[in-house]
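# Structural overview for review
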Number of protein chains: 2
Amino acid sequence: MAGLKGRMVIGQSGGPTAVINASLAGAVLEAQRHPQIEDIYGSLEGILGVINENLIDLGRERADVLTGLSSTPAAILGSCRYKLTPDDYERILDVFHAHNVRYFFYIGGNDSMDTAHRLSQLAIDRNYDLAVMGIPKTVDNDLPHTDHCPGYGSAARFTALAVRDAGRDSEAIGNVDSVKIVEIMGRNAGWLTAASALARESVDDAPHLIYVPERPVDIDRFVEDVQRVYDRLHHVVVAVCETVRDAEGTVIESAEAGASGVDAFGHPQRGGVADTLCRHIMKRLGVKARFDKAGTIQRSFMLAASPVDVQEALLVGEAAVRQAVAGVSDRMVTLERDAGEPYRCTTGLVELAKVANVEKLLPDEYLSPAGNDVTDAFIAYARPLIGGPLPPYVRLAKHPVPHRVDRRE
Amino acid sequence: MAGLKGRMVIGQSGGPTAVINASLAGAVLEAQRHPQIEDIYGSLEGILGVINENLIDLGRERADVLTGLSSTPAAILGSCRYKLTPDDYERILDVFHAHNVRYFFYIGGNDSMDTAHRLSQLAIDRNYDLAVMGIPKTVDNDLPHTDHCPGYGSAARFTALAVRDAGRDSEAIGNVDSVKIVEIMGRNAGWLTAASALARESVDDAPHLIYVPERPVDIDRFVEDVQRVYDRLHHVVVAVCETVRDAEGTVIESAEAGASGVDAFGHPQRGGVADTLCRHIMKRLGVKARFDKAGTIQRSFMLAASPVDVQEALLVGEAAVRQAVAGVSDRMVTLERDAGEPYRCTTGLVELAKVANVEKLLPDEYLSPAGNDVTDAFIAYARPLIGGPLPPYVRLAKHPVPHRVDRRE
């Protein structure tokens, strides 16, 4: 299909990230270099914008707005979590046909790659020439066949910084708020929760315990883990993924959360794990526990964006367009890490069918045998993604002053 | 008492902030310039370090560590929330006497100023020459007789950035998560919650509604407020203080939270307002609601520290020492804002007795008549404190593409 002439549509899907607009910028700016892409349309609210013919002409946006996308978080076209019906796919091809759309780019995660693949297949069935490319995006970092996912590095940088600072806070006031549980995003994969360890410089630094969906969290063992750290340091910072299961496989959540139902893809809506674990701690250890849950702030906090992540998000957007123009379709752009140092990634390709609805979980070698921490291998993997060292903090030497009065009774 | 020769002790108290260590640095570096201050001791865990004679020799810390304090968050000496007994005050004087401590500096909020004042009074009663100075610190910004409090500007900058980004996130995915409630710190005063408005550029920007402790939150009116914004924008971002009361004066919190008791000063431990409001929304409006609660991250997140706040935190630390050496005692350093532009503050003094246990709430002129937003007067007051403009974000013009297919049935 090389040399297809026609319009292009690009959409953003799933949860926003700090760099999803950088991928949009990369794709749009690259598309402007290829005359066979006649117009560059944006689909508002993900694929819904095509179905409802809510398209905008991105080619008419000001140049400074397009470049400014790289420093603007969340999904500027609007996003969606919508599972298409067979009729929807037909409708999309009708809309594409009416506008002579020959290029479709979808920035998203597992579900979005499934949508893109099905659309690609239908276009082939209908003999409609259409290049379909997936552009990876997810703070969950759970797409397979790519070293990592744009969006992850920035959310990981925020998480590392936030847990470091929450840890310093607990060191300072641990005599009052003894246990702090930081709840971190992640549907079934603990990649982002694991990133809480990236700012740790010594074994006493936060987080002291890390719980991810890949390992069951036995409440008795959890309480023992916390007790052990508390006995040693008198303050405990726990990083826990929003979705963890107990030894019986039941998601740990507040009683009310379960009532909230499922999303459009059938994924259950969870909530309250940190709150629930705090109550266990207060009840069983008799010490105060509180939780921090940055929620959507962690995925969209632009100030903490990783420069590496921003650059790679641009790169995958550009690569998707270059490949499509060269005749590639039904593929997602991947990031491939060079062997050796310094860290460097180039782009590759994978069939959408191999990515659609597949989740890449944390492998065993990234998790400690006890299931409550990460390994050095994980740190080596993830540290380059957050983009350079974190600003240094000091510690006092704390030279003790000799006592001059008697110990108090 | 000018020219008192002896040692100094400095302590940090209450909740940590991003800049409380900058005040410590200011005081220590200033003290090193005054020969009559013979040694500079730090008290570990606030006033408890004096009572337990857990003192460290700050004069022996490396120079780069002392200057690095200004970029290290939380309370590096350790903090406490401890209400002293009459015996404790006597004990403190005993320890001071044994070490020939003639200068005491306490960095903290309302409760800490009360502690400092009582100690000052007892020293006078006991004929013990002691200069006692309070150094203001609180993200709550609720100390009276000062334009604002060091710590507030940085937490306000984080809050403004976080709510802006959470707002962009909601704009993008509001068709799924329609209502987002951001829970913000504040014991009885809404200053930090009000700061959520500081990044707002248009009436449609987040936060769309702001609820503070200074105004009762009637649940029916709250639901109506949310409904009204939802009907207009299809997504709603609410900033709510962790402590708000309903029309009957009852704190809005989860059923479980009330069981957590009170802290050492008798302040009740609250929790769950955002979660509770989310449940009201889901039940009564039938749309999805979620909450973000950055918790301690908001008060200690160094990356978002306001340069103005860091500078002023240093300044109040320096001023406290300079004043004490000049013979001033039983006072807290204040920040006094120059009239006119550009923004500039100098330091002043206020009697500790006038600050101790007094809370400065948001005045009426900073709150909208409906009690669900702030006024331009508040923005004018608070914007200089967050230290310079926030990084700019773009918005698309969104030129619509003309429809070419029929509306779908």
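Look up: the structure comes first, before these words.
If you tally the helices and strands in chain A, you get 13 helices and 11 strands. Its C-alpha radius of gyration of 23 Å places chain A within 12% of the 22 Å reference for a compact globule of 409 residues. Judged by the C-alpha coordinates and their principal axes, chain A covers about 90 × 45 × 35 Å. Across the 409 residues in chain A, those meeting the buried criterion constitute 66%. Restricting the contact set of chain A to residue pairs at least 6 apart, pairs at least 24 apart contribute 77%. Split by element, the accessible area of chain A, about 14,500 Å² in all, is 49% carbon and sulfur.

Residues and elements named next belong to chain B. Pairing is mixed across the open sheet formed by seven strands, whose spatial order is 3-2-1-4-5-10-11. Each end of this open sheet is capped by a strand with a single partner; those strands are strand 3 (55-57) and strand 11 (345-351). In this sheet, adjacent strand axes meet at a mean angle of 30 degrees when their direction is disregarded. Helix 5 (residues 110-125) rests against strand 4 (101-108), strand 5 (131-136) and strand 10 (331-337) of the sheet, and its axis sits at about 160 degrees to strand 4.

Moving on to the packing of aromatic side chains. For the structure shown, the criterion picks out 21 aromatic pairs over all chains. For the ring pair A:Phe104 and A:Tyr106, a centre distance of 5.3 Å and an interplane angle of 35 degrees mean the geometry is tilted. Accessibility expressed as a relative area gives 1% for A:Phe104, which makes it buried. Members of the aromatic cluster, connected to one another through ring pairs, are A:Phe158, A:Phe301, B:Phe158 and B:Phe301. Just above the ring of B:Phe291 sits the side chain of A:Lys293; from NZ or CZ to the centre is 3.8 Å.

Residue and element names in this part refer to chain B. Looking at where Arg200 falls in the secondary structure, it is placed in the loop between helix 7 (191-194) and strand 7 (209-211). Within the structure, Arg200 has its side chain in polar contact with the backbone oxygen of Pro207 (distance 2.6 Å). Reaching out from Arg200, the side chain makes a polar contact with the side chain of Asp373 at a distance of 2.8 Å. Apart from the residues within four sequence positions on either side, Arg200 is in contact with Asp205, Ala206, Pro207, Ile210, Asp373, Val374 and Arg383.

All right, on to the pairing of strand 2 (residues 37-43) of chain A then. Residue and element names in this part refer to chain A. Counting buried positions over the seven residues of strand 2 gives five, a clear majority of the element. Pairing analysis gives five bridges linking strand 1 (residues 6-12) to strand 2, with the strands arranged parallel. Bridging from a neighbouring strand, Met8 pairs with Ile40 of strand 2. For the handedness criterion, the β-α-β arrangement of strand 1, helix 1 (residues 20-31) and strand 2 is classed as right-handed. Pairing analysis gives three bridges linking strand 2 to strand 3 (residues 55-57), with the strands arranged antiparallel. Bridged to Ser43 within strand 3 is Leu55.

With that settled, the discussion passes to the relation of the copies chain B and chain A. Laying chain B over chain A is done by rotating through 180 degrees and shifting 0.0 Å along the axis; what remains is an RMSD of 0.0 Å. The transformation just described matches what one would write down for a two-fold rotation axis. Across chain B, the smallest distance between a C-alpha and the rotation axis is recorded for B:Ala294, namely 2.2 Å.

This paragraph deals with unusual backbone geometry. Trans is the common state for peptide bonds, and a negative phi is the common state for residues other than glycine. Look at the link from A:Glu341 to A:Pro342: it is a cis peptide, with omega at -10 degrees. Take A:Pro342: it is sitting in the loop between strand 10 (331-337) and strand 11 (345-351). For the peptide bond that leads from B:Ala206 to B:Pro207, omega is -5 degrees, which places it in the cis range. Relative to the helices and strands, B:Pro207 is located in the loop between helix 7 and strand 7. The backbone phi angle of A:Glu45 is positive, close to 60 degrees, even though this residue is not glycine. Counting through the fold element by element, A:Glu45 comes out in the loop between strand 2 and helix 2 (48-51). Residues other than glycine seldom take positive phi values, yet B:Asn357 does so here, at roughly 65 degrees. In this fold, B:Asn357 is placed in the loop between helix 12 (352-355) and helix 13 (376-382).

Once that is clear, we can look at the interface of chain B and chain A. Listed as interface residues are 92 residues of chain B and, on the opposing side, 92 residues of chain A. The junction of chain B with chain A conceals about 7,700 Å² of combined surface from both sides, 57% of it contributed by carbon and sulfur atoms. Summed over the three residues of chain B that lose the most area to chain A, namely B:Leu396, B:His399 and B:Arg408, the buried surface amounts to 9% of that side. With a shortest N-O distance of 2.7 Å, A:Arg299 and B:Asp169 are connected by a salt bridge.

Thresholds, definitions, all that
Residues numbered from 1 in each chain as written. Chains lettered and ligands numbered in written order. Predicted model: local features only at pLDDT ≥ 70, side-chain atom pairs only at ≥ 80, totals over all residues. Heavy atoms only, no water. Helix = DSSP H or I, 4+ residues; strand = E, 2+ residues; numbered from the N terminus. Rg over C-alpha atoms; globule rule 2.2 N^0.38 Å. Buried < 20%, exposed > 50% of the residue type's maximum accessible area, 1.4 Å probe, protein only. Contact = heavy atoms within 4.5 Å. Areas by Shrake-Rupley, 256 points an atom, 1.4 Å probe, with all protein chains shown as cover. Pairing = 2+ DSSP bridges. Axes fitted to C-alpha atoms, helices over the stretch in contact; angles between N-to-C directions. Phe/Tyr/Trp six-rings, centres within 6.5 Å; stacked < 30°, edge-to-face > 60°. Lys NZ or Arg CZ within 6 Å of the ring centre and 35° of its normal. Polar contact = N/O pair within 3.5 Å; in protein donor to acceptor, adjacent residues only side chain to side chain. Right-handed = clockwise from strand over helix to strand, strands pointing away. Least-squares fit on C-alpha atoms with pLDDT ≥ 70 in both. Buried area = accessible area lost by both parts, 1.4 Å probe. Salt bridge = Lys/Arg side-chain N within 4 Å of Asp/Glu carboxyl O.

Remember that the coordinates give geometry; whether it matters functionally is a separate question.
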